[in-house]
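Summary of the model geometry
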Amino acid sequence: MAANSSSTGSKSSNSAGGKQSGPSAEQVVATFQRMRQEQRSMASKAAEFEMDINEHSLVIETLKDVDPSRKCFRLVGGVLVERTVKEVLPALESHKEQISKIIETINTQMQSKGRELTEYRERYNIRLVGEGESDAQGQSASSRDSEGGGSKSGAGVLVS
């Protein structure tokens, strides 16, 4: 019984030592997946705003050829409102500019998130499934050799 307790004691001290050096592989993967999902949602939001800009451009081009005193209808907050073209056209152009600024902000945030993801991947040696597996194995072997064969927590994490 003493042999069993000593072997479990050494296992728990090894796992405790691993947790002190960094997060577990599951935590690394979960954080990486969360960051990827944030980047994907930003990209879909940017695409949605791009479609809005295209719709605004179509409407603006159509309304430029129309008599400014002509009636038109605009959806504002779920309510259809009757206005004239001369009232609606400047509001549409202004709204289109605001959307363009939002897209620029989102693109900047996406680039920042991309850099953050790249740094995170490099820090924890994360490889994606199907990503140059033979090259990655050679690189991880050479990086282990250069680190003195140390077992780094979260090293070689494979994400599907």
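The name given to the protein in an unreviewed UniProt entry is Prefoldin subunit 2, with Sparus aurata as the source organism. Quoted verbatim from the Sequence similarities (unreviewed entry) field of UniProt, the annotation for the protein is "Belongs to the prefoldin subunit beta family."

The backbone of Asn125 sits at a positive phi, close to 50°, despite the residue not being glycine. For Asn125, the location among the structural elements is in the loop between α3 (85-124) and β3 (127-128). Classification of Asn125 as partly exposed rests on a relative accessible area of 27%.

This part covers the packing of aromatic side chains. A complete count under the given rule lists one aromatic pair for this structure. Ring plane angle 55° and centroid distance 4.9 Å describe the contact between Tyr120 and Tyr124, whose orientation is recorded as tilted. Of this pair, Tyr120 and Tyr124 both sit in helix α3, separated by four residues, roughly a single helical turn. Each member of the pair Tyr120 and Tyr124 is classed as buried.

Another point: helix α2 (residues 25-64). In a regular helix each residue adds 1.5 Å, so 40 residues correspond to 58 Å; α2 covers 58 Å between its end C-alpha atoms and thus fits that length. Along α2, the positions that sit buried rather than exposed are Val28, Phe32, Met35, Arg36, Met42, Ala46, Phe49, Ile53, His56, Ile60 and Leu63.

Put simply, the protein has an average pLDDT of 81, and 70% of its residues get 70 or more. Across the protein, element-level confidence peaks in α3 with a mean pLDDT of 97 and bottoms out in helix α1 (residues 2-21) with 45. Counting interchain partners and residues more than four positions distant, the pLDDT-below-50 stretch residues 141-154 has ten contacts.

Another aspect to go through is the environment of Asn54. Considering the arrangement of structural elements, one finds Asn54 in helix α2. The spatial distance from the C-alpha of Asn54 to the C-alpha of Lys96 is 9.1 Å, given a sequence separation of 42 residues.

All right, on to the nonpolar core then. Among soluble globular proteins, nonpolar side chains are generally buried collectively. Core analysis: the largest hydrophobic core is formed by nine residues, namely Val28, Phe32, Met35, Leu117, Tyr120, Tyr124, Ile126, Val157 and Val159. Those elements that place two or more of their residues in this core are α2 and α3. The residues touching Val157, leaving out its near neighbours within four places in the chain, are Ala25, Val28, Val29, Tyr124, Asn125, Ile126 and Arg127.

Okay, the pattern of salt bridges next. Enumeration according to the criterion identifies six salt bridges in this entry. In this structure, Glu61 engages Lys64 in a salt bridge whose closest nitrogen and oxygen atoms are separated by 4.0 Å. Residue Glu61 and its partner Lys64 are located together in helix α2, separated by three residues, close to a single helical turn. Between Glu82 and Lys71 there is a salt bridge, with the nearest N and O atoms lying 3.8 Å from each other. Taken together, the residues Glu82 in strand β2 (residues 79-84) and Lys71 in strand β1 (residues 71-76) connect sequence positions eleven residues apart. A residue is classified by how much of its surface remains accessible, and Lys71, at 55% relative accessible area, is exposed. One salt-bridge network, held together by shared partners, links Arg34, Glu38, Lys113 and Glu116.

Calculation criteria
Residues numbered from 1 in each chain as written. Predicted model: local features only at pLDDT ≥ 70, side-chain atom pairs only at ≥ 80, totals over all residues. Heavy atoms only, no water. UniProt positions renumbered as here; feature names shortened; annotations may be inferred. Helix = DSSP H or I, 4+ residues; strand = E, 2+ residues; numbered from the N terminus. Buried < 20%, exposed > 50% of the residue type's maximum accessible area, 1.4 Å probe, protein only. Phe/Tyr/Trp six-rings, centres within 6.5 Å; stacked < 30°, edge-to-face > 60°. Expected span 1.5 Å × (residues − 1). pLDDT = per-residue confidence, 0-100. Contact = heavy atoms within 4.5 Å. Core = buried A, V, L, I, M, F, W, Y, C linked by side-chain atoms within 4.5 Å. Salt bridge = Lys/Arg side-chain N within 4 Å of Asp/Glu carboxyl O.

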